[in-house]
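# Fold and contact review
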Amino acid sequence: MTTSQSLAAEGADVRGMFDRVAKRYDAANRVMSAGIDVLWRKKAIRWLAQDAGTAPRILDLGAGTLDGAVEIARRIPGARVAGADFAREMLRVGRGKIRAGAAIDTHAADGHRLPYRDAAFDAAFSAFCVRNFADLPVAMRELRRVVRPGGRVAILEFFRPERPRFFFDKVYNGRILPLVGWAVTGDRDAYRYLPRSIERFCSRAEFSALLADVGFAQVATRALFPSGVATLVTAS
């Protein structure tokens, strides 16, 4: 199997996993994070909304069930939001959240080859998506390509910890989270994937360096409550 075939197979496996849990995905997130994931999104989008201007074009990359896209439309009146995700079932579930009058379009799209012109967006948001890319540098170059120069980017993610965190990594992520995910969705394998994906992902510092390498400026990271489990990465 060639490298491109291997990456395609991995992407198909991850896409299938998200499609399987789509109907119970939101419920699982709320239970596993005690609702804190909602606050994380609000904080990221509040930063993104600063100086957004009139009718900004905003990409929600890895939009999933559209929690981010809906919050962007609520927070930034006049925003035109494109929700892009490779898992069609996730988008289908999310469309039921779109309120009348909200300018949200959904696109089944691969983040390695986004179907948008250069500088198509004034800003971009992504929540817990970039860890799933088979080729992270390619995907981040694509993100840089479709955001105009000076546009804001806000990324929420779980990064590989730079120091051991016994409870979160070994106890919660390793043991409790898969059981909770299984109880809510009936899919144990999907929630075993999460801690494995964090373990093999890059650190905050490595990701920041990658963003700078592909052309983003003013890259900053902010550890989020509780105990820096999640991170908000901002850039322009």
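For the structure itself, look to the data block above.
A brief look at the structure comes next. As the structure is a prediction and not an experimental result, all values here were calculated from the model.

## A closer look at the packing of helix H5 (residues 136-146) against helix H8 (residues 204-213)
Remark: H5 packs on H8, axes separated minimally by 9 Å, with the N-to-C direction vectors making an angle of 50°. Taken as axis vectors, H5 and H8 run oblique relative to one another. Seen from above, H5 lies across H8 with right-handed handedness. For the pair formed by H5 and H8, the contact residues are Leu136, Pro137 and Met140 on the first element and Phe207, Leu210 and Leu211 on the second. Its residues assigned to classes, the contact of H5 with H8 comprises six nonpolar, no polar and no charged.

## Some details on the side chain of Ser126
On the secondary structure map, Ser126 appears in strand S4 (residues 121-127). Non-local contacts of Ser126, meaning those with residues more than four positions away in its chain, are made with Asp60, Leu61, Ala154, Ile155 and Leu156.

## Concerning the nonpolar core
Among the nonpolar cores identified, the biggest contains 31 residues, and Leu59, Tyr116, Leu136, Met140, Leu143 and Phe207 are the most heavily contacted of them. For this core, the elements supplying multiple residues, two or more each, are strand S1 (57-61), strand S2 (80-85), S4, H5, strand S5 (147-157), H8 and strand S7 (231-235). Ranked by residues supplied to this core, first place goes to H5 with five residues. Contact partners of Leu143, with chain neighbours within four places excluded, come to Leu59, Leu61, Leu114, Ala124, Val153, Ile155 and Phe216. Counting residues in each nonpolar core, the second largest holds 30 residues, with Val81, Phe125, Leu194 and Leu224 among its members.

## A closer look at the sheet that holds S1
Here we have seven strands laid out as an open sheet, ordered S3-S2-S1-S4-S5-S7-S6, and mixed in their pairing. Two strands in the sheet have a free side with no partner beyond their single neighbour: strand S3 (103-108) and strand S6 (220-223). Each neighbouring strand pair of the sheet contributes to a mean axis angle of 15°, computed without reference to strand direction. In this sheet, S4 lies alongside S1 in parallel orientation, the contact comprising four bridges.

## Things to note about the packing of helix H2 (residues 36-49) against helix H3 (residues 67-75)
Interaxial distance between H2 and H3 falls to 10 Å at its minimum, and their mutual angle equals 45°. By the angle between their axes, H2 is oblique relative to H3. Relative to H3, H2 is oriented so that their crossing is right-handed. Each of Arg41, Lys42, Ile45, Arg46 and Ala49 in H2 lies in contact with H3, whose residues at this interface are Asp67, Gly68, Glu71, Ile72, Arg74 and Arg75.

Conventions adopted
- Residues numbered from 1 in each chain as written.
- Predicted model: local features only at pLDDT ≥ 70, side-chain atom pairs only at ≥ 80, totals over all residues.
- Heavy atoms only, no water.
- Axes fitted to C-alpha atoms, helices over the stretch in contact; angles between N-to-C directions.
- Helix = DSSP H or I, 4+ residues; strand = E, 2+ residues; numbered from the N terminus.
- Parallel < 35°, antiparallel > 145°, perpendicular 65-115°, else oblique.
- Left-handed = near helix turned anticlockwise from the far one by under 90°.
- Contact = heavy atoms within 4.5 Å.
- Nonpolar A, V, L, I, M, F, W, Y, C, P; charged D, E, K, R; others polar.
- Core = buried A, V, L, I, M, F, W, Y, C linked by side-chain atoms within 4.5 Å.
- Buried < 20%, exposed > 50% of the residue type's maximum accessible area, 1.4 Å probe, protein only.
- Pairing = 2+ DSSP bridges.

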